[in-house]
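Read off the chains here:
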Amino acid sequence: AEIKHGRLAMLAALGWPIAEEFQPLLSQALGKPDLLAAGKDAVSERAPSLLNGGLENISPAFFALGIVFSAAVEFLALQWGGKVEEGEYQPGDLGFDP
């Protein structure tokens, strides 16, 4: 579990600032609304979160999709769990290394 959570933390640490920098450009290029929360000044924008606010603008379907995806990854890990005794699988190693 430590391997999996460490990799998830690395992706989150990279994804948060990238989202704040590139989301306005991507939303404008795709003709979609900018969902970033307003920052302290008129220029800065922040990724929606409990601390920054703005979660009310995010569709509940996004959160449901996140839960379904996480459950699918955990189910896959449980399926591979039987291979631990055989030495073919290390817990938390899903074959993805950022």
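Just so we're clear, the structure is a prediction, and the values are computed from it rather than from any experiment.

Asks: Where do I start with the overall build of the chain in this structure?
Replies: Across its full length, the chain holds two helices and two strands. Reading the chain from its N end, one meets helices and strands in the order α-β-β-α. Within the chain, the fraction of its 98 residues that count as buried is 14%. Taking all contacts inside the chain whose residues are at least 6 apart in sequence as the whole, residues at least 24 apart take part in 35%. Carbon and sulfur atoms provide 67% of the accessible area of the chain, an area that totals close to 7,700 Å².

Asks: Looking at this structure, how should I read helix α1 (residues 2-30)?
Replies: Helical geometry note: an α-helix holds 3.6 residues per turn, so side chains three or four residues apart project in the same direction. Considering bend angle alone, the principal kink of α1 is centred on Phe 22 and spans about 45°; proline Pro 24 follows within four residues of it. Taken residue by residue, α1 has Lys 4, Arg 7, Glu 20 and Ser 27 as its buried positions. The first or second residue beyond α1 is Gly 31, which carries a positive phi of 70°.

Cut-offs applied
- Residues numbered from 1 in each chain as written.
- Predicted model: local features only at pLDDT ≥ 70, side-chain atom pairs only at ≥ 80, totals over all residues.
- Heavy atoms only, no water.
- Helix = DSSP H or I, 4+ residues; strand = E, 2+ residues; numbered from the N terminus.
- Buried < 20%, exposed > 50% of the residue type's maximum accessible area, 1.4 Å probe, protein only.
- Contact = heavy atoms within 4.5 Å.
- Areas by Shrake-Rupley, 256 points an atom, 1.4 Å probe, with all protein chains shown as cover.
- Bend = angle between axes of the 7 residues up to and from the residue.

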